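Structural characterization, general
What follows is the residue order along each chain.
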Amino acid sequence: MPSNKYIKLISTLPQRQTSIITQLRTNHTLLNQHLHHIGKSKSPYCPHCPEKIESVLHYLFDCPQYVSERHILSNALQCKANSLTYLLTSKNAITPLMHYINSTGWFKSTFSEVSKE
């Protein structure tokens, strides 16, 4: 069951953002780890780092493909940008996180620009 804090957070967000945050929190994303698990991808590995599983953690924190996007996120949130909990539960993290997601282009095929309503 989602916490009251999470329900309060998502109640203020556009549907696209709510959907992305929920997917990231539950690991039910368009990333290869989940797609492979449900039989929609041949491999769970990152297309940019073939030796690494493409998980939410890899996408947000480790993939070298997104180093410049991650740098912008880190500048906006400082050390809090390294906390998955903060990124997915703080109202202050939503806008920088959505900018990161938009700039990586990873969810555009499903959600278009997620920072728009």
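Rules and cut-offs
- Residues numbered from 1 in each chain as written.
- Predicted model: local features only at pLDDT ≥ 70, side-chain atom pairs only at ≥ 80, totals over all residues.
- Heavy atoms only, no water.
- Phe/Tyr/Trp six-rings, centres within 6.5 Å; stacked < 30°, edge-to-face > 60°.
- Helix = DSSP H or I, 4+ residues; strand = E, 2+ residues; numbered from the N terminus.
- Buried < 20%, exposed > 50% of the residue type's maximum accessible area, 1.4 Å probe, protein only.
- Lys NZ or Arg CZ within 6 Å of the ring centre and 35° of its normal.
- Expected span 1.5 Å × (residues − 1).

What follows concerns the packing of aromatic side chains. Under the definition given, this model contains three aromatic pairs. When the ring of Tyr 59 is compared with that of Tyr 100, the centres are 5.5 Å apart and the planes differ by 65°; the resulting orientation is edge-to-face. With a gap of 41 residues between them, Tyr 59 in helix H4 (residues 56–62) and Tyr 100 in helix H7 (residues 91–104) connect regions that are remote in the sequence. This pair shows no difference in class: Tyr 59 is buried, exactly as Tyr 100 is. Relative to Tyr 100, the ring of Tyr 66 has its centre 6.5 Å away and its plane inclined at 75°; by these criteria the two rings are edge-to-face. With Tyr 66 in the loop between H4 and helix H5 (67–77) and Tyr 100 in helix H7, this residue pair connects regions lying 34 residues apart in the sequence. With a relative accessible area of 5%, Tyr 66 lands in the buried category. By relative accessible area, which is 2% here, Tyr 100 ends up buried. The ring of Tyr 6 carries the charged tip of Arg 25 above its face, separated from the ring centre by 3.8 Å.

Our next topic: helix H2 (residues 15–26). Compared with an ideal rise of 1.5 Å per residue, which puts twelve residues at 16 Å, H2 spans 16 Å between its outermost C-alpha atoms and is within 8% of the ideal. Burial in H2 covers these residues: Gln 17, Thr 18, Ser 19, Ile 20, Ile 21, Gln 23 and Leu 24. Backbone geometry just after H2 places Asn 27 at a positive phi near 65°.

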